[in-house]
Amino acid sequence: MVGEKSRPNAIGAHLRRKEDDALLRGAGSFLDDIALPDALEATFLRSPIAHGRIARLDVSAARGLPGVHAVLTYHDLRPLLTSDRMPLALPAGGIRFVVDPYVLAVDEVCYVGEPVALVVASSRRIAEDAAALIELDLEPLEAVVDPVEGLAADAPRARLEFPDNLVAKTRIDYGDADRVFADAPHVIAQEFRLSKGGGHSMEPRGIIARYDEVDDLLTVWDSTQMPHRAKAILVESLGLAEQQVRVVAPDVGGGFGPKAVFHPEELAIPAAALLLRRPVKWVEDRFESFTATSGERDQVWTMQVAFTQEGRLLGMRGTLRYDHGASTPYGIALPFNAATNLIGPYVLPAYRIEIDLCMTNKTPSAPTRGAGRPQGTFVMERLLDAIALQLGLARDEVRRRNLIAPTQMPYPIPVRQRDGSTMEYDTGDYPECQARALAAAGWADFPARQAAALREGRYIGLGLANYVEATGRGPFESASIRIGPSGQIVVATGATAQGQGVKTMMAQIVADVLGVSPETIHVIAGDTAATPAGLGAYASRQAVTAGNAAHQAALLVAEKAKTAAAAILEVSVEDLELSGGTVLVKGIPGHGKSLTELARALAGTPGFALPANLPPGLAAATDYMTTGLTYTNGTHLAEVEVDPRTGAVKILRYVVVHDCGRMINPMMVEGQVIGGVVHGIGATLYEWMRYDAQGQPLSVTYADYLLPTSDVVPRIEIHHMESPTHLNPLGVKGAAESGTIGAPSAIVSAIDDALTPFNVVVRNLPVTPAHLRAAIRASSSERSAA
């Protein structure tokens, strides 16, 4: 209750997370922990090939298995739906044709793992046995698996209904790139093939749906990052009204991007619950995590950079071909992020890039942590290393010469973003950030250590990378605060939690205004019944959007409390202060009214006026509207050792200097940055979603698709800078994805540095031991031939 403890200046404190006690004791409530009476369980029959026509689908044997309640195809679900396809399209000017998915495949399957039929039974075991009885005859069609080959004029079509595979096309173009390259003293051209995999959260996806006929309410528990978007899609797809649908995101064991996407299962399971009038539950298995859940795919960059003799950037131009998978569930945000993030913290006078999105016969592509930004950063950082090598400059120096100076802030860039605004960096000191990182990592004395190691037969290298990240994407987020007569402070928000500490963050912000302990505040997140509007978790946004909404709502509650107290105490509002959960008369210790007392007074007494004739309730609600993206930045340095005999890479040390503006909880920021770096390590050295020429996925277990484990992740040293933004009242920026953005570039720069004696240059991701061994052998052969 309010007033029991006081913790002034809650913002900036290293507080333990509110969420951890229950989670560490096993008392969390994840989706699979939810057990509803009379619930049925479901599984999906999925396409075993990447592309084919459905010649025959016979479900009669499956329907006859004891314990089976339904075997549903597209034609069984279509009468419940308002349209043939799921309404997922996001506004995007570059889309040539919208490819919204079907809830279940109709005539054509377009990727391995596409759902074809839904089996609902009394148990998951029976459902899977029944699915094995379904007779599915497919006529194989040629698959599109490469985003470059798939754009050729004679390429097979990934979907027969469309004329070609160029699903979207956009560009960035500013400055006079042609003139710059015509006059440039130096030009380097390089190609990069960058693969990135899935989110692979600890908890896979899952859905439970229940229809209550008495309340006429469809309740859906969904391990989603965006419950309000899920509700909107369900309302539109099922022809229901808003009050008939509630979506709840329970405890979610990691999101990382794929859970922001609305998948076919998220419509099929609620539709089945409506049809059967029974609760239906589906939880993804790990094979489905690889084949049915969206993730990132290949990017192929063909780039040129023009620069001066002093190493200053003049311009870049080129093409980005992007593997978009078999549908368009998330617009074109990901490759556009990649292309804009290439600019990074550098002065780039001219830039032209053509971005082609190729539809392929792979699982639909959508963001994973970083959302394209690591790849764009990788291209810029690799080209800067190439400039340094050609000119004989130090890698840190070529960056220093191109970094945007703090005196240039705010720094506009003539790129029009998808919300219509112009790209503009708000605050930050990029040269200072790099300087601090170099000092922390011992950059100056590393050459001596490297030479000593080489004399011992050890190949070590040190790499660096700078990056920026656009955070706090709008247009809004919601928060409401209510203090009841019991004194309990309840905060409700459209933000959602996937383990990043949202409830702690919100509680600290509200506690800072109300002068109470964050532990006394109850936060409700991810429930569409608790707040009518919200957008949820994506794009490192929630501290900026939901945090400022909570801050504004708390200020309104504090002002209302003071106004009520002034009337009760018969003093001026200016004579009052809020401290320790009590509105006090300044200079008179103990003379005041607690928030609990004021909440009771504002609850009303029959026949009596409310204090100061205020509206009832000690409460406030705010939808915080963003005024622009705010840019986080950082510098990463990685020290590695490479064994040229095996191609094995060991990261010896990792240093991060990170600036996300004003920090609400530095401990949680560090957790986010460390997690992001680990994701980046995986994307650089281990994670590779491979397909064969027919579109069959080859890495569908964790024996083949490797994740970074504790034995390969070094201690990650984090140093903070704080450049508060002027774009929001709290001065905060996002932090959740930034750790992953600089990691591939820094690690690969270090690998190149370690293998300098072999003249190896890495341009592709991931970097596997086999790839390095092949590069070393090729270099050795070239030197022998010379």
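The sections below set out a description of the structure shown in this document. The model shown is predicted, which means the values in this text are computed figures rather than measured ones. (Residues numbered from 1 in each chain as written. Predicted model: local features only at pLDDT ≥ 70, side-chain atom pairs only at ≥ 80, totals over all residues. Heavy atoms only, no water.)

**A look at the overall build of the protein chain**
Link 1 in the chain: Along its length, the protein chain carries 20 helices and 28 strands.
Link 2 in the chain: With respect to the three principal axes, the spread of C-alpha positions in the protein chain is 100 × 75 × 50 Å.
Link 3 in the chain: The buried share of the protein chain, reckoned over its 786 residues, is 61%.
Link 4 in the chain: Considering only contacts within the protein chain whose residues lie at least 6 apart along the sequence, 80% involve residues at least 24 apart.
Link 5 in the chain: When the 71 positive and 89 negative side-chain charges of the protein chain are each reduced to one mean point, those points stand 3 Å apart. (Helix = DSSP H or I, 4+ residues; strand = E, 2+ residues; numbered from the N terminus. Buried < 20%, exposed > 50% of the residue type's maximum accessible area, 1.4 Å probe, protein only. Contact = heavy atoms within 4.5 Å. Lys, Arg positive; Asp, Glu negative; His and termini not counted. Charge placed at Lys NZ, Arg CZ, Asp CG, Glu CD.)

**Looking at the environment of L348**
Link 1 in the chain: Position of L348 relative to the elements: it lies in the loop between α9 (333–341) and β15 (351–359).
Link 2 in the chain: According to the relative accessible area criterion, L348 is buried, its value standing at 5%.
Link 3 in the chain: A sequence separation of 105 residues divides L348 from Q243, and the C-alpha atoms of the two residues are 50 Å apart.
Link 4 in the chain: If we ignore the near neighbours within four places in the chain, the residues touching L348 are Y174, L313, G315, M316, L342, I343 and M380.

**A few points about the nonpolar core**
Link 1 in the chain: Residues W301, M316, Y351, Y425, Y654 and I751 are the most contacted members of the largest nonpolar core, which totals 92 residues.
Link 2 in the chain: Considering each element in turn, this core owes the most residues, nine residues, to helix α10 (residues 373–391).
Link 3 in the chain: The residues contacting I751, other than those within four sequence positions of it, are V640, V642, V649, L685, V762, V767 and L772.
Link 4 in the chain: Grouped together as the second largest cluster of nonpolar side chains are 49 residues, I11, V502, M505 and L614 included. (Core = buried A, V, L, I, M, F, W, Y, C linked by side-chain atoms within 4.5 Å.)

**Side note on the packing of aromatic side chains**
Link 1 in the chain: In total, this model carries eleven aromatic pairs according to the counting rule given.
Link 2 in the chain: Through pairs of rings, three or more aromatic residues link up here, namely Y411, Y425, Y430 and Y631. (Phe/Tyr/Trp six-rings, centres within 6.5 Å; stacked < 30°, edge-to-face > 60°.)

**With respect to the packing of helix α14 (residues 502–514) against helix α15 (residues 542–569)**
Link 1 in the chain: The contact between α14 and α15 brings their axes to 9 Å, and the two run at 30 degrees. Taken as axis vectors, α14 and α15 run roughly parallel relative to one another. The two elements α14 and α15 meet at a crossing, and its hand is right-handed. Within the contact between the two elements, α14 uses V502, M505, M506, I509, V510, V513 and L514 and α15 uses Q542, A543, A546, G547, A550, H551, A554, L555, V557 and A558. (Axes fitted to C-alpha atoms, helices over the stretch in contact; angles between N-to-C directions. Parallel < 35°, antiparallel > 145°, perpendicular 65-115°, else oblique. Left-handed = near helix turned anticlockwise from the far one by under 90°.)

**With respect to helix α16 (residues 595–603)**
Link 1 in the chain: Of all the positions in α16, only L595, T596, L598, A599 and L602 are classed as buried. Looking straight down α16, one finds that the buried residues subtend no more than 165 degrees of arc, so they occupy a single side.
Link 2 in the chain: Immediately downstream of α16, the backbone of G604 shows phi near 95 degrees, a positive value. (Arc of directions from axis to C-beta.)

**Examining the environment of I716**
Link 1 in the chain: Mapping I716 onto the fold places it in strand β28 (residues 716–721).
Link 2 in the chain: Considering only alpha carbons, one finds I716 and V673, 43 residues apart in sequence, at a separation of 9.2 Å.
Link 3 in the chain: Leave out the neighbours within four places in its chain, and I716 touches Y654, V656, I674, V677 and V678.

**Digging into the environment of T632**
Link 1 in the chain: Relative accessible area serves as the criterion here: at 0%, T632 is assigned to the buried category.
Link 2 in the chain: With 92 residues separating them along the chain, T632 and S540 place their C-alpha atoms 9.8 Å apart.
Link 3 in the chain: For T632, the residues in contact, after removing those within four places along its chain, are Y467, V468, E469, T471, H658, D659, C660, K733, G734 and S738.
Link 4 in the chain: In terms of polar contacts, T632 uses its side chain to reach the backbone carbonyl oxygen of G734, at 2.6 Å. (Polar contact = N/O pair within 3.5 Å; in protein donor to acceptor, adjacent residues only side chain to side chain.)

**A short note on the packing of α9 against α10**
Link 1 in the chain: At a minimum axis separation of 7 Å, α9 and α10 run at an interaxial angle of 30 degrees. One element, α9, and the other, α10, form an angle in the roughly parallel class. Handedness of the crossing formed by α9 with α10: right-handed. Along its contact with α9, which presents N337, A338 and N341, the element α10 presents R373, G376 and T377.
Link 2 in the chain: Among the residues forming the contact of α9 with α10, the class breakdown is one nonpolar, four polar and one charged. (Nonpolar A, V, L, I, M, F, W, Y, C, P; charged D, E, K, R; others polar.)

**Remarks on the side chain of D298**
Link 1 in the chain: Mapped onto the secondary structure, D298 falls in the loop between α8 (286–291) and β13 (299–307).
Link 2 in the chain: D298 gets classed as buried once you look at its relative accessible area, which sits at 15%.
Link 3 in the chain: At 3.1 Å, the side chain of D298 forms a polar contact with the side chain of S195.

**Details of the sheet that holds strand β18 (residues 459–471)**
Link 1 in the chain: Read from one edge of the open sheet, four strands run β18-β26-β27-β28, paired in mixed fashion. Edge positions in the sheet fall to β18 and β28, since each of these pairs with one other strand and no more. The sheet shows a mean angle of 20 degrees between the axes of neighbouring strands, direction not considered.
Link 2 in the chain: Bridge count for strand β27 (residues 648–659) against β28 is six bridges, and the pairing is parallel. (Pairing = 2+ DSSP bridges.)

**A word on helix α6 (residues 227–238)**
Link 1 in the chain: Taking 1.5 Å as the rise per residue, α6 with twelve residues should run 16 Å; its terminal C-alpha atoms sit 16 Å apart, in good agreement.
Link 2 in the chain: Across the twelve residues that make up α6, a large majority, nine, are buried.
Link 3 in the chain: Where α6 is concerned, the buried positions are P227, H228, A230, K231, I233, L234, V235, S237 and L238.
Link 4 in the chain: Looking at the buried side of α6, the elements it contacts are β10 (217–222), β11 (245–248) and α7 (265–276).
Link 5 in the chain: At the exit of α6 stands G239, carrying a positive phi of roughly 65 degrees. (Expected span 1.5 Å × (residues − 1).)

**Comments concerning the sheet that holds strand β2 (residues 52–58)**
Link 1 in the chain: Read across the sheet, three strands follow the order β4-β2-β6 without closing on themselves; strand pairing throughout is antiparallel. Because the sheet does not close on itself, it has two edges, and the strands there are β4 (108–109) and β6 (135–140).
Link 2 in the chain: The sheet contact formed by β2 and β6 spans six bridges and is antiparallel. Paired with D58 across the bridge in β6 is E135.

**Considering the state of the cysteines**
Link 1 in the chain: All chains considered together, the criterion is met by zero disulfides.
Link 2 in the chain: Here C660 stays unpaired: no disulfide links it, and the sulfur of C433, its closest cysteine neighbor, is 11 Å away.
Link 3 in the chain: For C660, a relative accessible area of 2% corresponds to the buried category. (Disulfide = S-S within 2.5 Å.)

**Brief notes about unusual backbone geometry**
Link 1 in the chain: Put simply, G474 and P475 share a cis peptide bond, and its omega is 15 degrees.
Link 2 in the chain: Structurally, the position occupied by P475 is in the loop between β18 and β19 (476–483).
Link 3 in the chain: One non-glycine residue, R277, lies in positive phi territory at about 55 degrees.
Link 4 in the chain: With relative accessibility at 42%, the residue R277 sits in the partly exposed group.
Link 5 in the chain: The backbone phi angle of S540 is positive, close to 45 degrees, even though this residue is not glycine.

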